[in-house]
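# Summary of the model geometry
Residue-level listing of the chains:
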Amino acid sequence: MESSEFIWMDGEFVKWEDANIHVLSHSLHYGSAIFEGIRCYETVDGPSVFRLPEHTDRFFRGCNLYRHTLDFTAEQFNEAILETIQKNNLKECYVRPIAFYELGTIGVRPVAATKRARTRVAIIAFPWGAYLGEEGLKNGIKVLVSSWKRVHHSQFYTSAKASGAYLNAIAAVMDAQDKGFDECLMLDMNGYVAEGSGENIFIVRDGVVWTNDGTNSILEGITRDCVMTIAKDLGLELQIRNISRADLSLADEIFLCGTAAEVTPVRQVDHFTIGNGSRGPITEKIQSKYFEIIRGKDENYKRWHTPAYTDK
Ligand SMILES: Cc1ncc(COP(=O)(O)O)c(C=O)c1O
């Protein structure tokens, strides 16, 4: 990964190489950090953070679930994100805020009666290109249906972007890539499709766009919300329903979406070719609208943008 110069830590900027934490951090041992993944795009109106309030809202909710105490408001947090981008003089970047427990207790419970591990917060902004590759964005990726199931929503908070949750995704994506695929798709505990290691899924059949929801143990993504809005605005029929494994092989088109992956077509699932084996027409329509929107080229979606440099 490409580094930048400064990292925001607990209200101050420190040099990239000095942003260190204690080895006894509770979050290092038990995965109790909450993080976000946000993109800032160079738009026709200058650098702009995409869907900042929604990311901040999810971050605060996740922190609340795992009892992190934040000593700033959502507005102050948004301001700190913009300052981090400005301080590093970035025009286009990925922003990774993270709240984690420092040392304080070695017990599993971070907030004990007498001891409390302190929550610390960092915001890192750095350049980052297409997560699943430019080629993947254009021609689609190969996806393996994993033998690892997505952890069920009755087992922990699947709606929180918690670092520990990613062990499940890591196991699945390592297996998929070892087998020559680009990404995994996990099924939920009932055998329905859940999501990729860092993306939600949409399928298209007979012109209808489908996706699943929180009952399938997914992290309900902000890009998923963008895609649902775009699909409706384009006049497409949208359904929220279970997706079975058979639905994958019968689909005319499949695509994955997420802040990092943006809108990435799927050209193959296991050994089934999807559609004509490249980006399908409805996927292309939604993807190109998404790219127009993130670049600020569609007036109707300006509400999703927060200018990163208020003086520009
Ligand atoms: C497991 C998982 N599902 C879905 C998503 C997509 O969410 P978003 O569109 O908010 O980035 C992500 C990425 O954050 C993720 O990690």
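Rules used in this analysis
- Residues numbered from 1 in each chain as written.
- Predicted model: local features only at pLDDT ≥ 70, side-chain atom pairs only at ≥ 80, totals over all residues.
- Heavy atoms only, no water.
- Helix = DSSP H or I, 4+ residues; strand = E, 2+ residues; numbered from the N terminus.
- Rg over C-alpha atoms; globule rule 2.2 N^0.38 Å.
- Buried < 20%, exposed > 50% of the residue type's maximum accessible area, 1.4 Å probe, protein only.
- Contact = heavy atoms within 4.5 Å.
- Areas by Shrake-Rupley, 256 points an atom, 1.4 Å probe, with all protein chains shown as cover.
- Lys, Arg positive; Asp, Glu negative; His and termini not counted.
- Charge placed at Lys NZ, Arg CZ, Asp CG, Glu CD.
- Domains from an automatic or database assignment.
- Buried area = accessible area lost by both parts, 1.4 Å probe.
- Salt bridge = Lys/Arg side-chain N within 4 Å of Asp/Glu carboxyl O.
- Nonpolar A, V, L, I, M, F, W, Y, C, P; charged D, E, K, R; others polar.
- Near = heavy atom within 4 Å.
- Polar contact = N/O pair within 3.5 Å; in protein donor to acceptor, adjacent residues only side chain to side chain.
- 1 Å grid on protein atoms, 1.4 Å probe; cavity = no way out; pocket = protein on both sides within 12 Å on 5 of 7 lines; lining within 4 Å.
- Sits in = over half its atoms within 2 Å of the grid points.
- Phe/Tyr/Trp six-rings, centres within 6.5 Å; stacked < 30°, edge-to-face > 60°.
- Lys NZ or Arg CZ within 6 Å of the ring centre and 35° of its normal.

### With respect to the overall build of the protein
When you go through the protein residue by residue, the secondary structure sums to eight helices and 17 strands. For 312 residues, the compact-globule estimate of 2.2 N^0.38 gives 20 Å, and the protein sits close to it at 20 Å. With the C-alpha coordinates aligned to their principal axes, the bounding extent of the protein is approximately 55 × 45 × 30 Å. When burial is assessed residue by residue, the protein has 53% of its 312 residues classed as buried. Across the protein, contacts joining residues at least 24 apart in sequence account for 71% of those joining residues at least 6 apart. Of the roughly 14,300 Å² that the protein leaves accessible, carbon and sulfur atoms contribute 50%. Taking the average place of the 34 positive charges on the side chains of the protein and the average place of its 42 negative ones, the gap between the two points comes to 3 Å.

### Topic: the domain arrangement of the protein
If you check the domain split of the protein, you get domain 1 (6-126) and domain 2 (134-294). Put simply, the middle of domain 1 and the middle of domain 2, counted by C-alpha atoms, are 26 Å apart. Contacts between the two partners involve 20 residues from domain 1, matched on the other side by 21 residues from domain 2. At the boundary of domain 1 with domain 2, total buried surface from both sides reaches about 1,800 Å², with 62% on carbon and sulfur atoms. Its largest share of buried area at the contact with domain 2, domain 1 owes to Phe35, Phe50 and Arg58, together 32% of the area lost on that side. Counting every contact that joins domain 1 to domain 2 gives two salt bridges. A salt bridge links Glu262 to Arg39, with the shortest nitrogen-to-oxygen separation between them at 4.0 Å. Elements supplying a minimum of two residues to the side of domain 1 that touches domain 2: strand 3 (34-35), strand 4 (38-43) and helix 2 (52-65). For the side of domain 1 that touches domain 2, the residue count by class is nine nonpolar, six polar and five charged.

### Let's talk about the site of the ligand
Close to the ligand lie 14 residues, the nearest being Lys161, Tyr166, Glu195, Thr223 and Thr259. A distance of 2.7 Å separates a nitrogen atom of the ligand from a polar atom in the side chain of Glu195. Take Ile222: an N or O atom from its main chain is 2.7 Å from an oxygen atom of the ligand. A total of 380 Å² of accessible area belongs to the ligand in isolation, and the protein chains cover 95% of it. The site holding the ligand turns out to be the largest pocket.

### Some points on the packing of aromatic side chains
Per the stated rule, a full pass over the model turns up 17 aromatic pairs. Measuring from centroid to centroid gives 5.6 Å for Phe72 and Phe77, while their planes differ by 5 degrees, and the two rings are stacked. Of the two residues examined, Phe72 and Phe77, each falls in the buried class. On the numbers, 4.6 Å between centres and 75 degrees between planes, the contact of Tyr94 with Trp128 is edge-to-face. Of this pair, Tyr94 sits in strand 6 (residues 93-101) while Trp128 sits in the loop between strand 7 (119-126) and helix 4 (134-139), and the two are 34 residues apart along the sequence. The class for Trp128 is partly exposed, based on a relative accessible area of 33%. Lying over the aromatic face of Phe181, Lys142 brings its terminal NZ or CZ to 5.7 Å of the ring centre. When the ring centre of Trp210 is taken as reference, the NZ or CZ atom of Arg241 above it lies at 3.7 Å.

### Description of the environment of Asp10
Within the secondary structure layout, Asp10 lies in the loop between strand 1 (6-9) and strand 2 (12-15). With 137 residues separating them along the chain, Asp10 and Ser147 place their C-alpha atoms 40 Å apart. There is a polar contact of 2.8 Å between the side chain of Asp10 and the side chain of Arg120. Here Val121 takes part through its backbone nitrogen, which lies 2.9 Å from a polar atom of the side chain of Asp10.

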